[in-house]
Amino acid sequence: MQEIKDPILEQNGVRFFVKRDDLTHPEVSGNKWRKLKYNLLKAKEEGYSTLLTFGGAYSNHIHAFAAAGKLYGMKTIGVIRGEEHLPLNKTLSFATSQGMELTYLDRTSFRDYKAAIPKLREQFGDFYMAPMGGSNQLALEGVAELGEEINSFDQKVDYVCAACGTGGTLAGLINSIDTTTEIIGFPALKGGEFLYDDINEFLSSSENINTNWSLNTSYHFGGYAKKKPELLAFMENFKEKHNIELERIYTGKMMYGVIDLIKKGFFKRDSVIVALHSGGLQINR
Ligand SMILES: *Cc1c(COP(=O)(O)O)cnc(C)c1O
């Protein structure tokens, strides 16, 4: 937990901490490590030697999955959205350097990627499959450990803020964070309201969840991976002031949103806010 010091925090009567999950591991960073942990253990326990997953060509999930597979001595296959482009971009060339085998699925078929599984089994034999983005019930269990770490922080936490892609990470937090803490998710995609349904679906088999959660859909900056000068300037300034690197897809937007809400007096006075740095910095390289 890194405390952020800034006059705007004092002016608005709040304390602000960043949970540095970006520091977990240099290649399997942030929430991807949390989400993979119990999937890897299950795959090993069930005797699989090959892991397969799906993702975009710049995906943090593909990057982390390849690195984790190598660390755990398992073969990995990445099914990438779209056509092959050579030379490979940095994310995919890193993935192959970790021993990942790449295969491609055109954009139309990718929308219904689960339909491609029988064919993939014919091609690659038996494998343990982790879904797109790595979000499943086992992922929630790994994220719950992150929630427990936040619960045991020596300050009482009033708000936890996190970026959302598939919503798996937020669901894991909702599943584990104390019910006296409010949880706010910041969708990276435009039209992120659809995540209410997806998150409720992830939580459908959970009991005693924290109902004190919501999504703030105002900070998508035009949609996934759009480069907005205002966002890039914010990230640069944040890094200069606090020595924390952000990226433009998830954590930059979320952090921009949290700071903006602090300035607007959204958070109760005398409260403690925690923002999750979910990693993903490979995209900056
Ligand atoms: C994948 C990712 C997310 C989104 O996580 P979900 O569980 O899919 O919502 C957030 N931040 C970073 C840095 C990520 O790589």
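The coordinates are above.
Cut-off values and rules
- Residues numbered from 1 in each chain as written.
- Predicted model: local features only at pLDDT ≥ 70, side-chain atom pairs only at ≥ 80, totals over all residues.
- Heavy atoms only, no water.
- Helix = DSSP H or I, 4+ residues; strand = E, 2+ residues; numbered from the N terminus.
- Contact = heavy atoms within 4.5 Å.
- Near = heavy atom within 4 Å.
- Polar contact = N/O pair within 3.5 Å; in protein donor to acceptor, adjacent residues only side chain to side chain.
- Areas by Shrake-Rupley, 256 points an atom, 1.4 Å probe, with all protein chains shown as cover.
- Disulfide = S-S within 2.5 Å.
- Buried < 20%, exposed > 50% of the residue type's maximum accessible area, 1.4 Å probe, protein only.
- Core = buried A, V, L, I, M, F, W, Y, C linked by side-chain atoms within 4.5 Å.
- Phe/Tyr/Trp six-rings, centres within 6.5 Å; stacked < 30°, edge-to-face > 60°.
- Axes fitted to C-alpha atoms, helices over the stretch in contact; angles between N-to-C directions.
- Parallel < 35°, antiparallel > 145°, perpendicular 65-115°, else oblique.
- Nonpolar A, V, L, I, M, F, W, Y, C, P; charged D, E, K, R; others polar.
- Pairing = 2+ DSSP bridges.

Asks: What is the right way to read the environment of A57 from this model?
Replies: Following the sequence through the fold, A57 ends up in the loop between β3 (50–55) and α3 (60–71). When the C-alpha positions of A57 and Y224 are compared, they lie 13 Å apart, and in sequence the two are 167 residues distant. Each residue touching A57, except ones within four places of it in the same chain, is listed here: I80, N89, T91 and L92.

Asks: How should the site of the ligand be read in this particular structure?
Replies: For the ligand, the set of nearby residues contains 15 residues, the closest of which are K32, K35, N60, T166 and T169. G165 has a polar backbone atom sitting 2.7 Å from an oxygen atom of the ligand. In the model, a nitrogen atom of the ligand is placed 2.7 Å from a nitrogen or oxygen of the S278 side chain. Starting from 380 Å² of accessible surface for the ligand in isolation, the protein chains cover 97%. Sorting the residues of the shell around the ligand by element identifies α2 (30–45) and α8 (168–174) as the ones contributing at least two each. When residues in the shell around the ligand are grouped by element, the largest group, three residues, is from α2.

Asks: Would you take a moment to explain the state of the cysteines for this structure?
Replies: Here, disulfide denotes a covalent bond that connects the sulfur atoms of two cysteines. In this structure the tally under the stated criterion is zero disulfides. Here C161 is not disulfide-linked; the sulfur of C164 is the nearest cysteine sulfur, at 10 Å. A relative accessible area of 2% places C164 in the buried class.

Asks: Help me understand the nonpolar core in this model?
Replies: With 33 residues, the main nonpolar core has F16, M255, V258, I262, F267 and I273 as its most contacted residues. Broken down by secondary-structure element, the contributors of at least two residues to this core are α1 (7–11), β2 (15–20), β7 (159–164), β8 (182–187), α10 (229–242), α11 (251–263) and β10 (272–277). It is α11 that contributes the most residues to this core, seven residues altogether. Not counting chain neighbours up to four residues away, the residues in contact with F16 comprise Q2, E3, I4, L9, M255, V258, I259, I262, I273, V274 and A275. Grouped together as the second largest cluster of nonpolar side chains are 25 residues, F153, I174, L195 and F202 included.

Asks: Whenever I open this one, the packing of aromatic side chains confuses me. Can you help?
Replies: Centre distance and the angle of the planes are the two values used to describe a pair of aromatic rings. One pass over the structure, following the stated rule, counts 14 aromatic pairs. A ring pair is formed by F54 and F110, whose centres lie 6.4 Å apart and whose planes are at 70 degrees; its orientation type is edge-to-face. Placement of F54 in strand β3 and of F110 in helix α5 (residues 107–111) is noted, with a sequence separation of 56 residues between them. Given the relative accessible area of 4%, F110 is considered buried.

Asks: Would you mind going over the packing of α10 against α11 with me for this structure?
Replies: When two helices pack together, their arrangement is given by the angle between the helix axes and the distance between those axes. In contact at an axis separation of 10 Å, α10 and α11 are set at 80 degrees when each is read in the N-to-C sense. As far as their axial angle goes, α11 and α10 are roughly perpendicular. The residues of α11 that touch α10, namely those facing E230, L231, F234, M235 and F238, are G252, K253, M255, Y256 and I259. Of the residues assigned to the contact of α10 with α11, the class counts are seven nonpolar, one polar and two charged.

Asks: What is the right way to look at the sheet that holds β8 in this model?
Replies: By definition, the strands of a sheet pair up through backbone hydrogen bonds, in either a parallel or an antiparallel sense. Taken in spatial order, the six strands of this open sheet run β1-β2-β10-β7-β8-β9, and their pairing is mixed. Only two strands of the sheet have a single partner each, and these edge strands are β1 (2–4) and β9 (213–215). Within the sheet, the average angular offset between the axes of one strand and its neighbour, ignoring direction, is 25 degrees. Pairing between β2 and β10: six bridges, direction parallel. Of the residues in β10, the one forming a bridge with R20 is H277. Lying on the sheet, helix α9 (residues 195–202) is in contact with β7, β8 and β9; it crosses β9 at an angle near 145 degrees. This element, α11, spans β2, β7, β8 and β10 of the sheet and lies at about 165 degrees to β10.

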